[in-house]
Amino acid sequence: MELEKIKERFIAFAESECKDNSELYYKLSNEVANDEGLLKIASNTRPGQPIPNIFFASVHYLLLKNSKNELANYYPSILRKQVSEIPFAIFKSFCIENESEIKKIISTRIVQTNVINRCAYLMPIFSKIITDENRPTTIIDIGTSAGLTLNFDKYEYWYNDRKTFGDSKVINKSTIIESTIPEIYNISQPILKIRIDQNIIDLTEKDEILWLKALVWTDQLERFVAIDEALKLDELKNIKFIRASTIFSFEGEILKADRNQNLIVYSTHVLYQFTQEQKADFYAMLETVGQERDFYFLSVEGIKNLLDRYNTKEIIIELTHFKNKQKTEMFLAETNGHGNWIKWTNNYSTQR
């Protein structure tokens, strides 16, 4: 990829993702965008991967492995306290000194962020579907990473600085804008949880956990606390893990689900890594499954076809219900990449 396009990626990452979410990465991303040497290093990212995310994660990963490095003194995730800035000269020096290692990481690993706070919108939606169906449910997370969002029913929820549901050390907080605070229902029905990914993160491997944490932005300290606490939950042992690398294999695993159970399939920020052909195949696969059985598909994505359909620049939360071989699509909400805020639509209100 041309350096100018990579520069645009870093600028876009700063403005659309980091601004108002991560001041440190916002500054760093803009500085990297204007540094040809660092852009050349970042150009080694494997195709289809979000370049700024994996570039910053690679640096973070190396620092988590060696917290005695000078640059580590400016990383909140290592200090466990906030700092005002990461000096760019020190950051650049670290990248140059560790160029070969960074290139190896970004050319071989993939971004598999597990943002637990996305459960702030998953829990209201899932609890409503499961209680309405009032029968055992199979729930499948596509592109699941470590699968931590599958334990949505084991977490605590705060909206607009007020505790709404749950009692857990894993706390999800979100601001509800221009809409009402969602109702969360107690789930009493059994749930079979399945995670599917092309690269399953082994939670018994320390290096895998280290990479999972490296993907978290360094100044988002609440996310590190949430991950640490979520990894302690015994319920993780009850999640079934399946490796599937093709759309065809996704279809096969989904169709194996018990037809007597309610079925929910969901993806959060996964399809943006798919090629246009893969996305087309994925949606075609859902249609095929919908002709075989009833199920729900919850999509939380910022991909172009959804943005164009709903005329927005925000992340779209869309629920598709396949019932009796017919498809109903509902635009439920807009949000951002970390679920820090949610704007529910009338479609969601009428479903409550």
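To be clear, the structure that these remarks concern was listed above.
Conventions we followed
- Residues numbered from 1 in each chain as written.
- Predicted model: local features only at pLDDT ≥ 70, side-chain atom pairs only at ≥ 80, totals over all residues.
- Heavy atoms only, no water.
- Pairing = 2+ DSSP bridges.
- Helix = DSSP H or I, 4+ residues; strand = E, 2+ residues; numbered from the N terminus.
- Axes fitted to C-alpha atoms, helices over the stretch in contact; angles between N-to-C directions.
- Contact = heavy atoms within 4.5 Å.
- Core = buried A, V, L, I, M, F, W, Y, C linked by side-chain atoms within 4.5 Å.
- Buried < 20%, exposed > 50% of the residue type's maximum accessible area, 1.4 Å probe, protein only.
- 1 Å grid on protein atoms, 1.4 Å probe; cavity = no way out; pocket = protein on both sides within 12 Å on 5 of 7 lines; lining within 4 Å.
- Points joined across faces, edges and corners; volume = space filled by probe spheres on them.
- Nonpolar A, V, L, I, M, F, W, Y, C, P; charged D, E, K, R; others polar.

Student: Mind showing me how you'd approach the sheet that holds strand E7 (residues 262-268) here?
Tutor: The strands that make up a sheet are held in pairs by hydrogen bonds between backbone atoms, and each pair lies either parallel or antiparallel. On the basis of which strands lie adjacent, the open sheet formed by 11 strands has the order E3-E2-E4-E11-E10-E9-E8-E7-E1-E5-E6 and mixed pairing. Pairing within the sheet leaves two strands with one partner each, and these edge strands are strand E3 (162-165) and strand E6 (240-243). The mean angle between the axes of side-by-side strands here comes to 30°, regardless of whether they run parallel or antiparallel. The pairing of strand E4 (residues 171-176) with strand E11 (residues 341-344) spans two bridges and is classified as parallel. Opposite Thr 175, over in E11, you have Trp 341 as the bridge partner. In the packing of helix H12 (residues 276-292) onto the sheet, contacts are made with strand E1 (137-142), strand E8 (295-301), strand E9 (315-323) and strand E10 (326-335), and the angle to E8 comes to roughly 160°.

Student: Can you help me understand the side chain of Thr 138 in this one?
Tutor: Here Thr 138 is to be found in strand E1. If we skip the residues at most four places from it in the chain, Thr 138 touches Leu 192, Ile 194, Ala 257, Gln 261, Asn 262, Leu 263 and Ile 264.

Student: So what exactly am I meant to see when it comes to the nonpolar core here?
Tutor: Considering soluble globular proteins, one finds that nonpolar side chains tend to be buried as a cluster. Counting residues in each nonpolar core, the largest one holds 44 residues, and the members touching the most others are Phe 126, Leu 148, Tyr 157 and Leu 298. Secondary-structure elements contributing two or more residues to this core are helix H8 (119-133), strand E2 (156-159), helix H10 (221-230), E7, E8, E9, E10 and E11. Contacts of Phe 126, omitting those with residues within four sequence positions, involve Ile 139, Phe 152, Ile 264, Tyr 266 and Leu 298. In terms of nonpolar packing, the next biggest core, distinct from the first, is built from 41 residues, Tyr 25, Ala 42, Val 59 and Tyr 61 among them.

Student: Any chance you could explain the layout of surface pockets here in plain terms?
Tutor: Which parts of space are left empty comes out when a probe the size of a water molecule is rolled across the atoms. Its boundaries defined by the atoms lining it, the second largest pocket holds a volume of some 520 Å³. Taken together, the elements giving at least two residues each to the lining of the second largest pocket come down to E4 and H10. By residue class, the composition of the lining of the second largest pocket is seven nonpolar, 10 polar and five charged.

Student: Explain the environment of Leu 203 here, please?
Tutor: Inspection of the secondary structure assignment puts Leu 203 in the loop between strand E5 (191-197) and helix H9 (206-214). Taking the C-alpha atoms as reference points, Leu 203 and Ile 142, 61 residues apart in sequence, are found 17 Å from one another. Apart from the residues within four sequence positions on either side, Leu 203 is in contact with Ala 146, Ile 209, Leu 231 and Leu 236.

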